[in-house]
Amino acid sequence: MSKPRFEDEFGGTYILIEPGIFSMGDLVGDGLARELPAHKVQIDRPFFIGQRPVTQIHWESVMGFNPSKFQEGWSSGLRPVDSISYVDCMEFVNRLNQSFNKPQLSVDGIWRLPTEAEWEYCARSGTDTKWCFGNFDGDLDDYGWHAGNSGASTREVGLKKSNNWEIFDIYGLISEWCLDNYRNDYTTPSKQSPYTSDSDIYCVRGGSWFTESDSTRSSARSHAKQDKTSDGIGLRLVWEPL
């Protein structure tokens, strides 16, 4: 049965993610040290997450410019926006909340980035394996764009299979900024809210069109300074009911 959802005026669809408890981090035993220790996380508040990454046409409609590297072709507007910093994302979200926010399903809310815990909860979509489809990377081509199949470019969003919760492009295509400051380990409190510090380094999740398959796993983590731009980093939105 499909989850409740709504659509925005830019063609995006947002899917309801209900509360639950999940295991976060490397659960298989061959991840990196920064994915340890594996730990339980309580998702105690519902939220809506973008079914696909933010597209170039969505970004340009709000911001008035398109910074993306991959703008060639008639369908480029449906590729994910890239080459945006964390600071850029915060400005994008602020503009959405100021000019493009309204009640959804009769509930008020706000736009924001996902927290790192929310991102992995959605990526796992009820599974404990490397990817939602299992541990064999030979099946990744059916679900995501990566160095082995992307043709050295982003592609239009939503072309591959979704995960178990009907979310597309969570593995590869474009890495996604999260709200959290980056930390090397998971010894801090295990909760839905973002981890914050005085650092200017933030979490990036999901792998991209130029990374190897291992970087697209549900538990794989990366990071970047808040002003870094890359043709492999974009964003996915969350709408949080208030």
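Relevant structure appears above.
Rules used throughout
Counting starts from 1 at the beginning of each chain's written sequence and moves along it residue by residue. Local features in this predicted model are restricted to residues of pLDDT 70 or higher, and side-chain atom pairs are both shown and tallied only at a pLDDT of 80 or more, whereas totals for entire chains, interfaces and linings draw on every residue. Side-chain measures here rest on the full set of heavy atoms in the structure, leaving out hydrogens and waters. Buriedness of a pocket was judged along seven lines, with at least five required to meet protein on both sides within 12 Å; pockets are open sets of points on a 1 Å grid over the protein atoms alone, cavities are sets where a 1.4 Å probe fits but cannot get out, and lining residues have an atom within 4 Å of a point. Grid points are joined across faces, edges and corners, and a volume is the space filled by probe spheres set on the points. When residue character is reported, Ala, Val, Leu, Ile, Met, Phe, Trp, Tyr, Cys and Pro are called nonpolar, Asp, Glu, Lys and Arg charged, and the others, Gly included, polar. Pairing of aromatic rings covers Phe, Tyr and Trp, the last counted by its six-membered ring, and requires centre-to-centre distances within 6.5 Å; plane angles under 30 degrees mean stacked, over 60 mean edge-to-face, and any other angle means tilted. Helix and strand definitions follow DSSP, with helices as H or I runs of at least four residues and strands as E runs of at least two, each counted in order from the N terminus. Each ring is checked for a lysine NZ or an arginine CZ that lies within 6 Å of its centre and within 35 degrees of its normal; such an atom marks a charge sitting over the ring. Two strands form a pair only when DSSP identifies at least two bridges running between them. Each residue's exposure class comes from its accessible area (1.4 Å probe, protein chains only) as a fraction of the maximum for that residue type: buried when under 20%, exposed when over 50%, partly exposed otherwise. We score Asp and Glu as negative and Lys and Arg as positive, and we do not count His or the chain ends. Put simply, a salt bridge is a Lys or Arg side-chain nitrogen that is within 4 Å of an Asp or Glu carboxyl oxygen. Polar contacts, as used here, are pairs of N or O atoms within 3.5 Å; protein pairs need one atom able to donate a hydrogen and one able to accept it. Residues neighboring in sequence count only if both atoms are side-chain atoms. Any two residues whose heavy atoms approach within 4.5 Å at even a single point are treated as in contact.

*Asks:* Help me understand empty space enclosed by the protein in this model?
*Replies:* Regions of empty space are outlined by a rolling probe, equal in size to a water molecule, passed over the atoms. Per the stated rule, a full pass over the model turns up two cavities of 30 Å³ or more. Looking at the largest cavity, its volume works out to about 50 Å³. Looking at the largest cavity, the residues that line it are Asp8, Glu9, Phe10, Phe100, Lys102, Gln104 and Trp111. A breakdown of the residues in the lining of the largest cavity according to their chemical character gives three nonpolar, one polar and three charged. By residue class, the composition of the lining of the second largest cavity is two nonpolar, two polar and five charged.

*Asks:* Mind showing me how you'd approach the packing of aromatic side chains here?
*Replies:* We describe a pair of aromatic rings using the distance from one ring centre to the other and the angle between the two ring planes. Tallied over the full model, the rule gives 18 aromatic pairs. Geometrically, the ring pair formed by Tyr86 and Trp177 is edge-to-face, given 5.8 Å between the ring centres and 70 degrees between the ring planes. Of this pair, Tyr86 sits in helix 2 (residues 86–99) while Trp177 sits in strand 7 (residues 175–181); the two residues are 91 residues apart in sequence, bridging distant segments of the chain. By way of ring pairs, the aromatic residues Phe6, Tyr14, Phe48, Trp111 and Trp239 are connected into one cluster. When the ring centre of Trp165 is taken as origin, the NZ or CZ atom of Lys3, which lies over that ring, is 4.8 Å away. Its guanidinium or amino end placed over the ring of Trp145, Arg155 lies 4.4 Å from that ring's centre, counting from NZ or CZ.

*Asks:* Explain the pairing of strand 11 (residues 238–241) here, please?
*Replies:* Two faces, one strand: in a regular strand the side chains alternate between the faces of the sheet. Two elements, strand 5 (residues 47–50) and strand 11, share two bridges in a ladder whose sense is antiparallel. By the bridge assignment for strand 11, Phe48 is matched with Trp239. Of the strand pairs in this sheet, strand 6 (residues 109–112) and strand 11 are connected by four bridges, and their pairing is antiparallel. Across the sheet, the residue bridging to Trp111 is Trp239, located in strand 11.

*Asks:* Before we go on, may I ask you to explain the side chain of Lys160 in this structure?
*Replies:* Topologically, Lys160 is positioned in the loop between helix 3 (116–124) and strand 7. Notably, Lys160 is buried but unbridged: the nearest opposite-charge side chain belongs to Asp141, and the N-O separation is 5.9 Å. In this structure the side chain of Lys160 is engaged in a polar contact, spanning 2.6 Å, whose partner is the backbone oxygen of Asp141. Not counting the four nearest positions on each side in its chain, Lys160 is found in contact with Asp141, Asp142, Tyr143, Gly144, Trp145, Asn149 and Phe168.

*Asks:* Can you walk me through the side chain of Lys130 in this structure?
*Replies:* Along the chain, the position of Lys130 falls in the loop between helix 3 and strand 7. With relative accessibility at 16%, the residue Lys130 sits in the buried group. Of the polar contacts made by the side chain of Lys130, one reaches the side chain of Asp30; its length is 2.7 Å. Each residue touching Lys130, except ones within four places of it in the same chain, is listed here: Val28, Asp30, Asn135, Arg217 and Ser218.

*Asks:* Teacher, can you tell me more about the pattern of salt bridges here?
*Replies:* Where side chains of opposite charge bring their charged atoms close, a pairing between them can arise. In total, this model carries 15 salt bridges according to the counting rule given. Here Glu91 and Arg95 are joined by a salt bridge, their closest N and O atoms 2.8 Å apart. Remark: Arg95 and Glu91 occur in helix 2; sequence separation between them is four residues, near one turn of the helix. A relative accessible area of 30% means that Arg95 is categorised as partly exposed. The salt bridge partner of Arg183 is Glu116, with a shortest N-O separation of 3.7 Å. Of this pair, Arg183 sits in the loop between strand 7 and strand 8 (201–205) while Glu116 sits in helix 3, and the two are 67 residues apart along the sequence. Both residues of the pair, Arg183 and Glu116, count as buried. Connected through salt bridges with shared partners, the residues Glu116, Glu120, Arg124, Arg183, Arg205 and Arg221 form a single ionic network.

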